[in-house]
Amino acid sequence: RRAAAVGAMAALALLSRGARGYVPRAPRALRTRLLASYVDAHTHLVHRKFDKGEGAAAAERAAAVGVSSIMVNGLRPENNREVLEFCAQHKNALPCCGIYPLDACSNVITPELWSHDFDPPEPFDVDAEVDWIREQAKAGTIAAIGEVGIDAYYMNDPVTMAEQERVLHRLIDVALETDLALILHTRKAEARIFEMLQERGVKKAVFHCYMGKLKLGKRIAEAGYYISIPSAVARPHDTFVQMATRIPLERILTETDAPYMGPDKGERNEPATVPRAVAKIAEVRGVSVEEAAAQIQRNFRTVFGIDAGAAEEAPVAAEEQDATAGLSESVKA
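Rules used in this analysis
- Counting restarts for each chain, with residues numbered from 1 along the sequence as it is written.
- For a predicted model such as this one, the threshold for reporting local features is a pLDDT of at least 70, and the threshold for listing and counting side-chain atom pairs is 80 or more; totals across whole chains, interfaces and linings nevertheless cover every residue.
- Only heavy atoms go into the side-chain values, all of them from the structure, while hydrogens and water stay out.
- Here a strand is any run of E in DSSP of at least two residues, a helix any run of H or I of at least four, and the numbering for each starts at the N terminus.
- Partly exposed describes any residue whose relative accessible area lies between the buried limit of under 20% and the exposed limit of over 50%, with all areas from a 1.4 Å probe on protein chains only and scaled to the type maximum.
- Under this scheme, a helix contributes an axis fitted over its contacting stretch, all axes are lines through C-alpha atoms, and angles between N-to-C directions fall in the 0 to 180 degree range.
- Convention used here: angles under 35 degrees read as roughly parallel, angles over 145 as roughly antiparallel, angles from 65 to 115 as roughly perpendicular, and any remaining angle as oblique.
- A crossing counts as left-handed when the near helix is turned anticlockwise from the far one by less than a right angle, and as right-handed when that turn is clockwise.
- Should any heavy atoms of two residues lie within 4.5 Å, those residues are considered in contact.
- Note that Gly is not counted as nonpolar here; it falls among the polar residues with everything else outside the nonpolar set of Ala, Val, Leu, Ile, Met, Phe, Trp, Tyr, Cys and Pro and the charged set of Asp, Glu, Lys and Arg.
- Between the rings of Phe, Tyr and Trp (Trp by its six-membered ring), a pair exists once the centres lie within 6.5 Å; its type follows the angle of the planes, with under 30 degrees stacked, over 60 edge-to-face, and the other angles tilted.
- Lysine and arginine charges are scored as sitting over a ring when NZ or CZ, respectively, is within 6 Å of the ring centre and within 35 degrees of the ring normal.
- Strand pairing is assigned whenever DSSP detects at least two bridges linking the two strands.
- For a crossover, the right-handed case is the one in which the path from the first strand over the helix to the second runs clockwise, viewed with the strands pointing away from the viewer.

## Notes on the side chain of Asn 92
Thinking step 1. Along the chain, Asn 92 falls in the loop between helix 4 (77-87) and strand 3 (93-97).
Thinking step 2. The exposure class of Asn 92 is buried, given its relative accessible area of 10%.

This is the structure:
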């Protein structure tokens, strides 16, 4: 039994890593057992680091190791539309549209306010994009509102902070109007965003790649929101291990934030690494991988209203999986 378990884990590690241009195929028994076992609540497969079809290959590698639902997040107008196009071509990829915090304040950033060694975001009509996201949400073409939030690490002056909050409030309006979850970027603004959610009566929210204080994380979980842990937890990463250990499993989601936050430092991350995150979460909590994966799936269904396929349900063949169950026909198309 020990040899078989070691062999299965070795096969899973190879499958999750994958080779450039090669889509791995698990043995059928392993594939059907693992299928519908894992979810990626936040990723960026429409990214320059996934060029020349690599995003598509990454989605297929994820499906091969049982990642049945991948929430692909948008950041700004052109990216949001690329997300819709990409997800229409991959059944395990679900579209989320949003406005990244730095892009949200792009119209008020001046040379005096920008002191970083990379270019500021190009300005665009932010309010028009919020209106477009509202249209997509009402039409049922997106699975969540994201990536949105506040970034007080790069921009924390009064002018840009006020604009980030204004835009986030408008996007909260969309979420409340359409009963969709918010996928939140909260870097150095965790407490303020938590306060805003409470003030507005938001019920569905995911704190993506949460790196705030544990005490606040517990309050976030107690309020009914979710803490999303990236596959960097498998390095291991102390902050994420602490969250995985101390936050109730009923309030934990897994993500990759690909191409970032991977289990192998310095390497491009992708959704196929989610099983490694679940294995680490199970290890630090002292539960089986199957138990951890099943609970994370239940959490995913609860917050997003999407049936990713429960681990305890009868396995089905890879080609029969449809990660878009629960969305409108326009999302599935």
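## A short note on the packing of helix 4 against helix 6 (residues 126-139)
Thinking step 1. For the pair helix 4 and helix 6, interaxial distance at closest approach is 11 Å and the crossing angle is 15 degrees. When the axis of helix 4 is compared with that of helix 6, the two are roughly parallel. Relative to helix 6, helix 4 is oriented so that their crossing is left-handed. Along the contact surface, helix 4 presents Pro 77, Asn 80, Arg 81 and Leu 84, while helix 6 presents Glu 129, Trp 132, Ile 133 and Gln 136.
Thinking step 2. For the contact of helix 4 with helix 6, the per-class residue count stands at 4 nonpolar, 2 polar and 2 charged.

## With respect to the packing of aromatic side chains
Thinking step 1. What the rule picks out here adds up to 7 aromatic pairs.
Thinking step 2. Ring centres of Phe 118 and Tyr 154 lie 5.4 Å apart, and the angle between their planes is 90 degrees; on these two criteria the pair is classed as edge-to-face. In this pair, Phe 118 is assigned in the loop between helix 5 (101-104) and helix 6 and Tyr 154 in the loop between strand 4 (144-149) and helix 7 (158-178), connecting sequence segments 36 residues apart.
Thinking step 3. Between Phe 207 and Tyr 225, the aromatic rings sit 6.3 Å apart at their centres with planes inclined by 35 degrees, giving tilted as the arrangement. Linking Phe 207 in strand 6 (residues 205-207) with Tyr 225 in the loop between helix 9 (214-222) and strand 7 (226-230), this pair joins segments that are 18 residues apart in sequence.
Thinking step 4. On the basis of relative accessible area, Tyr 225 is assigned to the buried category, the value being 1%.
Thinking step 5. Chaining the aromatic ring pairs together yields one cluster made of Trp 114, Phe 118, Tyr 153 and Tyr 154.
Thinking step 6. Between Arg 81 and the ring centre of Trp 132, over which it is positioned, the NZ or CZ distance is 3.8 Å.
Thinking step 7. The ring of Tyr 153 has Arg 187 lying over it, and the distance from NZ or CZ to the ring centre is 3.7 Å.

## Points about the packing of helix 10 (residues 238-246) against helix 11 (residues 274-285)
Thinking step 1. Closest axis-to-axis distance for the helix 10/helix 11 pair is 9 Å, and the angle between their directions is 60 degrees. When the axis of helix 10 is compared with that of helix 11, the two are oblique. In the crossing of helix 10 with helix 11, the sense of the turn from one axis to the other is right-handed. Residues Val 241, Ala 244, Thr 245 and Arg 246 of helix 10 pack against Lys 280, Ile 281, Val 284 and Arg 285 of helix 11.
Thinking step 2. Of the residues that constitute the contact of helix 10 with helix 11, the class distribution is 4 nonpolar, 1 polar and 3 charged.

## Observations regarding the sheet that holds strand 1 (residues 38-43)
Thinking step 1. Ordered by their spatial adjacency, 8 strands build an open sheet running 1-2-3-4-5-6-7-8, and the pairing between neighbours is parallel. Pairing within the sheet leaves two strands with one partner each, and these edge strands are strand 1 and strand 8 (252-255). The mean inter-strand angle of the sheet, taken between neighbouring strand axes irrespective of direction, is 30 degrees.
Thinking step 2. Across 3 bridges, strand 4 lies against strand 5 (residues 182-185) in parallel orientation. Bridge pairing links Gly 149 to His 185 in strand 5.
Thinking step 3. Packing against the sheet, helix 4 makes contact with strand 2 (67-73) and strand 3, and its axis sits at approximately 160 degrees to strand 3.

## With respect to the environment of Asp 127
Thinking step 1. Looking at the secondary structure, you find Asp 127 in helix 6.
Thinking step 2. Placed 44 residues apart in sequence, Asp 127 and Leu 171 show a C-alpha to C-alpha distance of 9.8 Å.
Thinking step 3. Excluding residues within four positions of it along the chain, Asp 127 makes contact with Arg 166 and Arg 170.

## Concerning the pairing of strand 2
Thinking step 1. Of all the 7 residues making up strand 2, 7 are buried; the element is thus mostly covered by neighbouring parts of the structure.
Thinking step 2. With 4 bridges joining them, strand 1 and strand 2 adopt parallel strand pairing. Looking at the pairing, Asp 40 lines up with Ile 70 of strand 2.
Thinking step 3. Handedness of the β-α-β unit built from strand 1, helix 3 (residues 54-64) and strand 2 comes out right-handed.
Thinking step 4. Pairing of strand 2 with strand 3, which is carried by 4 bridges, proceeds in the parallel orientation.

## Quick notes on the side chain of Arg 134
Thinking step 1. Note that Arg 134 resides in helix 6.
Thinking step 2. Note on Arg 134: relative accessible area 16%, which makes it buried.
Thinking step 3. Discounting chain neighbours no more than four positions away, the residues touching Arg 134 are Arg 170, Asp 173, Val 174 and Glu 177.

## Remarks on unusual backbone geometry
Thinking step 1. The amide bond that connects Gly 146 to the next residue, Glu 147, takes the cis arrangement and shows omega of 15 degrees.
Thinking step 2. On the secondary structure map, Glu 147 appears in strand 4.
Thinking step 3. Of note, the amide linkage connecting Ala 258 to Pro 259 takes the cis form, showing an omega dihedral of 15 degrees.
Thinking step 4. Mapped onto the elements, Pro 259 comes out in the loop between strand 8 and helix 11.
Thinking step 5. Phi is positive for Lys 188, close to 60 degrees, though the residue is something other than glycine.

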